[in-house]
Amino acid sequence: MIQSKRPKRDLRPSLVFLNGDLLAVPIPLEREKVILGRALKADVRINDTKVSRQHAEIETIENESGRNPTYVLTDLTSSNGTYLNGHSIDRETLHNGDKITIGKHILRFELLDEIDREYQLQIRRLLAHDDLTGLLSSRSFFSELRRESARAKHENRRFCVLMMDVDFFKLVNDTYGHLTGSKTLEEIGLCITETLRNGDVAARFGGEEFAAFLLDAELPQALVAAERIRAWIQEYDFSVIRKGKPADKHNITISIGISSFPDDSTDPIELVEMADSALYRAKSLGRNKVCAYRELSEEEARMPLPSRQDSNPPDPVD
């Protein structure tokens, strides 16, 4: 019995991060030459002080038949060297499964078909997002915030960080049960997402704490956006779950703290800490409030603010 030949898989070269902020991210090598480094313009940017601005290069070399190209890794005279499978290299041919170490980061060179790539993306989505709210995880939020800080420094842009904490959330669990508590967090995530603009980034930090950063926003605009979130959540009717189904409604509030880049700090960790400090001041002032890390300057106080468009809260999540 003659067996039919299996169709050849369409294998494409990719790099998959095995550690760091981009854990499990598959990055296709679609150009003839791909630069790995710390520079903003690097094709594969690695945010690591031990990585040179242009650290290494992967070149695709086609053969005469047009099939099975060769992939070559070259160190670009980096400060700390490029390692392949644990050995320092200047220029070496890559093979499927090889591990590349650059600074503190390890990347695996892989030839992936479409199913492999989708699988890697699914793993990344699971790692990057909170499974209850669909917002970014705290780890992914910090990764995005570091990237935005670097971009903002390079392009002289501004942004603001929001830290948010649900007021008296324990009472929700104690009064209505943990199913209602989980549903409430899910709906708060929806409220935050619906209120922010496209491009703004939101995350659940764990428990009842949330965070966001607002692109191209100065402190006055961030105060308006935070107040919109606070008011929307205060007015929202949250679901009470009984016997597995929504049966009633309850209300809850949120407190919010704000810091701004670059006026408060240019360090992403400090920005989060400053926003967190402002959040706890909002809590100490009675909760259900918005506080900034610092007072508005005279110039900021005169800044025209976007008008608030009245709208109804989003419908409850099914």
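Shown above is the structure to which this text applies.
Residues numbered from 1 in each chain as written. Predicted model: local features only at pLDDT ≥ 70, side-chain atom pairs only at ≥ 80, totals over all residues. Heavy atoms only, no water.

Chemist: Explain the side chain of threonine 180 here, please?
Modeler: Looking at where threonine 180 falls in the secondary structure, it is placed in helix H4 (residues 178-195). A polar contact is formed between the side chain of threonine 180 and the backbone nitrogen of isoleucine 241, at a distance of 2.8 Å. (Helix = DSSP H or I, 4+ residues; strand = E, 2+ residues; numbered from the N terminus. Polar contact = N/O pair within 3.5 Å; in protein donor to acceptor, adjacent residues only side chain to side chain.)

Chemist: What is the right way to look at helix H6 (residues 268-284) in this model?
Modeler: The periodicity of an α-helix, 3.6 residues per turn, causes residues three or four places apart in sequence to face the same way. Along its 17 residues, H6 runs 25 Å from first to last C-alpha, staying within 8% of the 24 Å computed at 1.5 Å per residue. Within H6, burial applies to Pro268, Leu271, Val272, Met274, Ala275, Ala278, Leu279, Ala282 and Lys283. Buried residues along H6 sit against helix H2 (138-155), strand E12 (159-166), strand E13 (201-206), strand E14 (209-215), strand E17 (254-261) and strand E18 (290-292). Where H6 terminates, the next one or two residues include glycine 286, which has phi positive at roughly 120°. (Expected span 1.5 Å × (residues − 1). Buried < 20%, exposed > 50% of the residue type's maximum accessible area, 1.4 Å probe, protein only. Contact = heavy atoms within 4.5 Å.)

Chemist: Just to check I follow, could you spell out helix H3 (residues 169-176) for this structure?
Modeler: Along H3, the residues that are buried comprise Phe169, Val172 and Asn173. Summarising the axial view, the buried residues of H3 lie within an arc of 90°, below the 170-degree limit, and thus occupy one face. For H3, exposure combined with an orientation more than 90 degrees from the buried face picks out Lys170, Leu171, Asp174 and Thr175. Looking at the buried residues of H3, the elements they touch are E12, H4 and strand E16 (245-250). Downstream of H3 by a residue or two, glycine 177 has a phi angle that is positive, lying close to 100°. (Arc of directions from axis to C-beta.)

Chemist: Looking at this structure, how should I read the sheet that holds strand E11 (residues 105-112)?
Modeler: Two orientations exist for strands paired in a sheet by backbone hydrogen bonds: parallel and antiparallel. Read from one edge of the open sheet, six strands run E2-E1-E11-E10-E7-E8, paired in antiparallel fashion. Two strands close off the open sheet at either side, each with one partner strand: strand E2 (26-28) and strand E8 (87-89). Ignoring which end each strand starts from, the neighbouring axes of this sheet average 35° apart. Two strands pair when backbone bridges link them, and strand E1 (residues 12-17) and E11 are joined in this way by six bridges, in the antiparallel orientation. Counted as the bridge partner of leucine 15 is phenylalanine 109 from E11. (Pairing = 2+ DSSP bridges. Axes fitted to C-alpha atoms, helices over the stretch in contact; angles between N-to-C directions.)

Chemist: Explain the packing of H4 against helix H5 (residues 219-235) to me, please; I cannot follow it from the model alone.
Modeler: Helix-helix packing is characterised by the crossing angle of the two axes and by the distance between the axes. Running from N to C, H4 and H5 cross one another at 140°; their axes reach a closest spacing of 10 Å. By the angle between their directions, the pair H4 and H5 is classed as oblique. As for the relative orientation of H4 and H5, their crossing is right-handed in sense. The segment H4 lies against H5, with Ile188, Cys191, Ile192, Glu194 and Thr195 engaging Ala225, Arg228, Ile229, Trp232 and Ile233. (Parallel < 35°, antiparallel > 145°, perpendicular 65-115°, else oblique. Left-handed = near helix turned anticlockwise from the far one by under 90°.)

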